[in-house]
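# Architecture and fold: a report
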Amino acid sequence: MLRESSQRSGTIDNLNLQGTVNPDADSGVPQGSLLTAFAEAAVRQTDALPGLRDQIVSELGVQELVDAAGVVANFQRMVRIADGCGIPLDEFTKDATDDVRDELGIHEYASAANTA
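Below is a short write-up of the structure. (Residues numbered from 1 in each chain as written. Predicted model: local features only at pLDDT ≥ 70, side-chain atom pairs only at ≥ 80, totals over all residues. Heavy atoms only, no water.)

## Some remarks on the packing of helix α2 (residues 32-44) against helix α3 (residues 49-59)
- Their axes nearest at 9 Å, the elements α2 and α3 cross at an angle of 150°. Compared by their axis directions, α2 and α3 come out roughly antiparallel. Considering the relative orientation of α2 and α3, their crossing is left-handed. Packed against α2, whose contacting residues are L34, L35, A37, F38, A41 and A42, the element α3 presents L49, L52, R53, Q55, I56 and E59 at the interface.
- Class assignment for the residues of the contact of α2 with α3 results in 9 nonpolar, 1 polar and 2 charged. (Axes fitted to C-alpha atoms, helices over the stretch in contact; angles between N-to-C directions. Helix = DSSP H or I, 4+ residues; strand = E, 2+ residues; numbered from the N terminus. Parallel < 35°, antiparallel > 145°, perpendicular 65-115°, else oblique. Left-handed = near helix turned anticlockwise from the far one by under 90°. Contact = heavy atoms within 4.5 Å. Nonpolar A, V, L, I, M, F, W, Y, C, P; charged D, E, K, R; others polar.)

## Remarks on the nonpolar core
- Among the nonpolar cores identified, the biggest contains 9 residues, and these are L34, F38, A41, L49, L52, I56, L65, A68 and V72.
- When residues of this core are traced back to their parent elements, those giving at least two are α2, α3 and α4 (62-85).
- Discounting residues that sit within four places of it in the chain, L65 has contacts with F38, R53, I56 and V57. (Core = buried A, V, L, I, M, F, W, Y, C linked by side-chain atoms within 4.5 Å. Buried < 20%, exposed > 50% of the residue type's maximum accessible area, 1.4 Å probe, protein only.)

## Here we look at the side chain of R101
- Inspection of the secondary structure assignment puts R101 in helix α5 (residues 91-104).
- A relative accessible area of 12% means that R101 is categorised as buried.
- A polar atom in the side chain of R101 sits 2.8 Å from the side chain of T97. (Polar contact = N/O pair within 3.5 Å; in protein donor to acceptor, adjacent residues only side chain to side chain.)

Spelled out as structure tokens, the structure:
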């Protein structure tokens, strides 16, 4: 999904997918470190979350906080539904993303067991 939306927006050349799994990597996304920290804090429900919300509002704006929260919530929803049902990747997605999933270590995630 990230790769597809990046290609459509023309930002794929500057995108580093390692930023999705490595907090020390520069993703190439403007304010990517802040957004990654927010996503991690939201998912893990850490004490840093309120401060990160304030920082996003201060640096990016209220609408961007709403957008970021919506993206985090949507990904959580999709992953939980797929994992709960044991939904495997379809063949097209599996083939199209195998190299990226391998590079990012996603084959090692527990939910990877759902896909043969």
